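Spelled out from the first residue to the last, the chains are:
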Amino acid sequence: NVISPKTTTDQNYEWACQRGARLEHFNKKFTVDLELLQTHAEFCNEMHSQSRALAFRRASCVLKTLLFPLTHIKQLDGVKYIGGHVRKVISDLLDLGSSPEVEEIKFSDWFRKMKLFTSIFGVGPATAKSWIEKGWKSIEDVRNAGHPSKDWRIVWGLAFHEDLTTPVSRQEADRFMDILQCEAQNILPGTIITLTGGFRRGKSNGHDIDILITHPTDGAELGILSKLLDVLDKKDIILSGQRMKNTFSTEALNEESRSMHGKFDHFEKWFGICKFPKAFQHPTTPSGCQSSKEDSTEVKDNKNSSTHSDPLGLPFMETQLTRNSNNLSVPLVSVKTDLKHRSNVKNKSYISNTCVYEGEGEPHVPSTKKFKHEDCSEKEVVEMARPQTDWLARRVDLIVTPYSQYYYALVGWTGSKHFNRDTRLYAQQVLNLRLTSHGLYDMKKQEALQATCEEDVFRHLNLTYRDPMDRNC
Ligand code: GTP
Ligand code: MN
Ligand code: MN
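Residues numbered from 1 in each chain as written. Chains lettered and ligands numbered in written order. Predicted model: local features only at pLDDT ≥ 70, side-chain atom pairs only at ≥ 80, totals over all residues. Heavy atoms only, no water.

Visitor: Please explain the overall build of the chain as it appears in this structure.
Guide: Secondary structure assignment for the chain yields 19 helices and 13 strands. Within the chain, buried positions represent 53% of all 473 residues. Taking the intrachain contacts of the chain between residues at least 6 apart in sequence as the baseline, contacts between residues at least 24 apart amount to 72%. Roughly 22,300 Å² of accessible area belongs to the chain as shown, and the carbon and sulfur atoms make up 53% of that amount. (Helix = DSSP H or I, 4+ residues; strand = E, 2+ residues; numbered from the N terminus. Buried < 20%, exposed > 50% of the residue type's maximum accessible area, 1.4 Å probe, protein only. Contact = heavy atoms within 4.5 Å. Areas by Shrake-Rupley, 256 points an atom, 1.4 Å probe, with all protein chains shown as cover.)

The following block contains the structure:
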């Protein structure tokens, strides 16, 4: 007496980007365990472990679209991405209440240690494995061994491990956004600051805060990151971090499309650790910014974001939108021509996907000035992490994008990670287009497809628009 599943048309689609997946759904019991198997497979360095990881994730994504809680394995007949292995795990969960395979992994020493060590900022599976091989079992073991790594992220991540594994709340993210918003308007009116990552997908907490920075005038965003970091440093908000310059070029793009593994983007950015007063956890009026609210441009991330009129509430955006939407396809060829002469140009150029900027004073090169904490010795870092009662260390990512690439960057940095991976693969395999956080490219025609809103990105991909809340696959 098996009830056939209520189908949405969604679950029949092949690609996760063609379906919607929300944070809340009916089958968490199953997806949590399948994603644990995914993580475990990602930790393994065996022949087929990465494709096994992907298979678990795909199965989990499909279950998120079901509109009913699974009660019988037969309800999965004909459902995509449910292979033999996944079926066994789900059957066990249905019949026994738990999966012996999952339970064994969950309580295995190796998996526990891998999870623990990879929870340290800067530590990936390879480093975690090498530490396990040294016989280290706990964070204390690593700390006591001393000098486990020269990587600043690991030095700081280890010292502040407790803080950094305490989830960041939306409240804290909003307080930080208020400060950033205000300071950015002081530095450059019209600057657009957007909270992305998990928070934009509706999560109430996360492991970090991901923020995109742009300005409606392409090129105006140059130099703002340095200034913003200086202000944050003066306010004693910065603990440590690393700036990366913009490395975007059509060569890089071509190179990556051959290897197909451009995992990281080329935006100017800062990955760092900030000092958040504990007061950030309480709702109060924002403080610490001198400019009047009237001067600042409120950027609202429109949750039900519609295609039309002015999603960012900027009056001068109208012209920009109209101009760009009349000119959807911008050839890359002109950029290529410019690039040929690049080495001859005295002032180094800054390249967006539509134009080449002659940099005034090489704006894309981060200033050489170091923040005081960048030179800390390991001992000093550890001392800083010790008795601190009024603040918490928090991970922050700041990414600067030219406006011409902003909506692609917004999709890319909103995630989820699997949503991106799936969409990029879909673009490649179905449309023969290359999607990155910089744009959507027809490599044959050497064209970049312009987007003036997130809806444009989906439209170019021939996909139904998905709200960020529906990108939790
Ligand atoms: P929590 O922070 O745990 O809440 O999850 P999250 O979804 O915000 O994950 P994370 O902060 O790691 O990343 C946010 C989004 O940015 C994800 O979709 C990632 O795929 C993407 N992302 C993270 N790091 C990079 C990067 O270096 N380059 C690019 N292009 N994207 C990245
Ligand atoms: Mn995040
Ligand atoms: Mn992040």
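Visitor: Got a minute to help me understand the pairing of strand β6 (residues 268-277) in this structure?
Guide: A regular strand carries its side chains on alternate faces of the sheet. Counting buried positions along β6 gives 8 out of 10 residues, so the element sits mostly inside the fold. Relative to β6, strand β5 (residues 238-244) runs antiparallel, the two sharing 6 bridges. In the sheet register, Ile-238 faces β6, and the bridge partner there is Cys-274. In this structure, β6 lies alongside strand β10 (residues 391-400), joined through 10 bridges in antiparallel fashion. Residue pairing in the sheet places Cys-274 in a bridge with Arg-394 of β10. (Pairing = 2+ DSSP bridges.)

Visitor: What's the story with the packing of helix α5 (residues 109-118) against helix α6 (residues 125-133) in this structure? I'm lost.
Guide: Between two packed helices, both the angle of their axes relative to each other and the distance between the axes serve to describe the pair. It is at 9 Å that the axes of α5 and α6 come closest, and there the two elements cross at 125°. Judged on the interaxial angle alone, α6 and α5 are oblique. Considering the relative orientation of α5 and α6, their crossing is right-handed. Residues Trp-110, Lys-113, Met-114, Phe-117 and Thr-118 of α5 form the contact with α6, whose own contacting residues are Pro-125, Ala-128, Lys-129, Trp-131 and Ile-132. When the residues that make up the contact of α5 with α6 are grouped by side-chain class, the tally is 7 nonpolar, 1 polar and 2 charged. (Axes fitted to C-alpha atoms, helices over the stretch in contact; angles between N-to-C directions. Parallel < 35°, antiparallel > 145°, perpendicular 65-115°, else oblique. Left-handed = near helix turned anticlockwise from the far one by under 90°. Nonpolar A, V, L, I, M, F, W, Y, C, P; charged D, E, K, R; others polar.)

Visitor: Explain the site of ligand 1 here, please?
Guide: In the vicinity of ligand 1 there are 18 residues, among which Gly-198, Lys-203, His-207, Asp-208 and Asp-265 approach most closely. One of the side-chain N or O atoms of Asp-208 is found 2.7 Å from an oxygen atom in ligand 1. Taking Asp-210, its side chain carries an N or O atom lying 3.0 Å from an oxygen atom of ligand 1. Where the shell around ligand 1 is concerned, the elements lending two or more residues are α11 (197-200), α17 (406-414) and α18 (417-431). Classifying every residue of the shell around ligand 1 by side-chain character gives 3 nonpolar, 9 polar and 6 charged. (Near = heavy atom within 4 Å. Polar contact = N/O pair within 3.5 Å; in protein donor to acceptor, adjacent residues only side chain to side chain.)

Visitor: Explain the coordination of the manganese ion (ligand 3) to me, please; I cannot follow it from the model alone.
Guide: Each angle at a metal carrying four tetrahedral donors should ideally be 109.5 degrees, and each at a metal carrying six octahedral donors should ideally be 90 or 180 degrees. Those protein atoms acting as donors to the manganese ion (ligand 3) are Asp-208 (OD), Asp-210 (OD) and Asp-397 (OD), and they sit at 2.0 to 2.3 Å. Each donor residue of the manganese ion (ligand 3) belongs to the same chain, and together they define the spacing D-x1-D-x186-D. Taken as a pair, the manganese ion (ligand 3) and the manganese ion (ligand 2) show a spacing of 3.7 Å, with Asp-208 coordinating each metal. With Asp-210 in strand β4 (residues 209-214) and Asp-397 in strand β10, the pair connects residues that are 187 residues apart, well separated along the chain. The burial state of Asp-210 is the same as that of Asp-397; both residues are buried. (Donors = N, O, S within 2.8 Å, 3.2 Å for Na, K, Ca; no water.)

Visitor: Explain the pairing of strand β2 (residues 192-195) here, please?
Guide: Here β2 shows two buried faces, one formed by Ile-192 and Thr-194 and the other by Ile-193 and Leu-195. As paired strands, β2 and β4 are joined by 4 bridges and run antiparallel to one another. Bridging from a neighbouring strand, Ile-192 pairs with Thr-214 of β4.

Visitor: Can you walk me through α18 in this structure?
Guide: The first and last C-alpha atoms of α18 sit 20 Å apart over 15 residues, in line with the 21 Å expected at 1.5 Å per residue. Buried within α18 are the following residues: His-418, Phe-419, Asn-420, Asp-422, Thr-423, Arg-424, Tyr-426 and Ala-427. Among the structural elements, α2 (49-65), α17, β11 (434-435), β12 (440-442) and α19 (454-460) are those in contact with the buried residues of α18. In the stretch just after α18, Asn-432 is the one whose phi turns positive, near 55°. (Expected span 1.5 Å × (residues − 1).)

Visitor: Would you mind showing me how to read the nonpolar core here?
Guide: Side chains of a nonpolar character, in soluble globular proteins, are inclined to be buried together. The biggest cluster of nonpolar side chains holds 35 residues, and the ones touching the most others in it are Leu-34, Leu-63, Leu-70, Leu-76, Ile-90, Phe-117 and Trp-131. Put simply, the parts of the chain that give this core at least two residues each are α1 (28-43), α2, α3 (84-96), α4 (100-106), α5, α6, α7 (139-145) and α8 (152-159). In terms of residue count, the dominant contributor to this core is α1 (5 residues). Not counting the four nearest positions on each side in its chain, Phe-117 is found in contact with Val-123, Ala-128, Trp-131, Ile-132, Trp-136, Lys-137, Ser-138, Ile-139 and Val-142. (Core = buried A, V, L, I, M, F, W, Y, C linked by side-chain atoms within 4.5 Å.)

Visitor: Looking at this structure, how should I read the sheet that holds β4?
Guide: The strands making up a sheet associate through backbone hydrogen bonding, with each pair oriented either parallel or antiparallel. Reading across from one edge, β2-β4-β10-β6-β5 is the order of the 5 strands in this open sheet, with mixed pairing throughout. In this open sheet, the two edge strands, each paired with only one partner strand, are β2 and β5. Pairs of neighbouring strands in the sheet enclose a mean axial angle of 20°, with direction left out of account. In this structure, β4 lies alongside β10, joined through 5 bridges in parallel fashion.

Visitor: Teacher, can you tell me more about the packing of aromatic side chains here?
Guide: Each aromatic ring pair is described using two quantities: the centre-to-centre distance and the angle formed by the ring planes. This structure, assessed with the given rule, holds 15 aromatic pairs. Ring geometry for Trp-131 versus Trp-136: centroids 5.8 Å apart, planes at 55°, classification tilted. Pairing Tyr-403 with Tyr-406 gives two aromatic rings, centres 5.9 Å apart and planes at 15°, and the pair type is stacked. The exposure class assigned to Tyr-403 is buried, which follows from its relative accessible area of 2%. The exposure class of Tyr-406 is buried, given its relative accessible area of 1%. Here the aromatic cluster, defined as three or more aromatic residues joined through ring pairs, consists of Phe-43, Trp-110 and Phe-111. Note that Lys-275 overlies the ring of Trp-391, its terminal NZ or CZ placed 5.0 Å from the centroid. (Phe/Tyr/Trp six-rings, centres within 6.5 Å; stacked < 30°, edge-to-face > 60°. Lys NZ or Arg CZ within 6 Å of the ring centre and 35° of its normal.)

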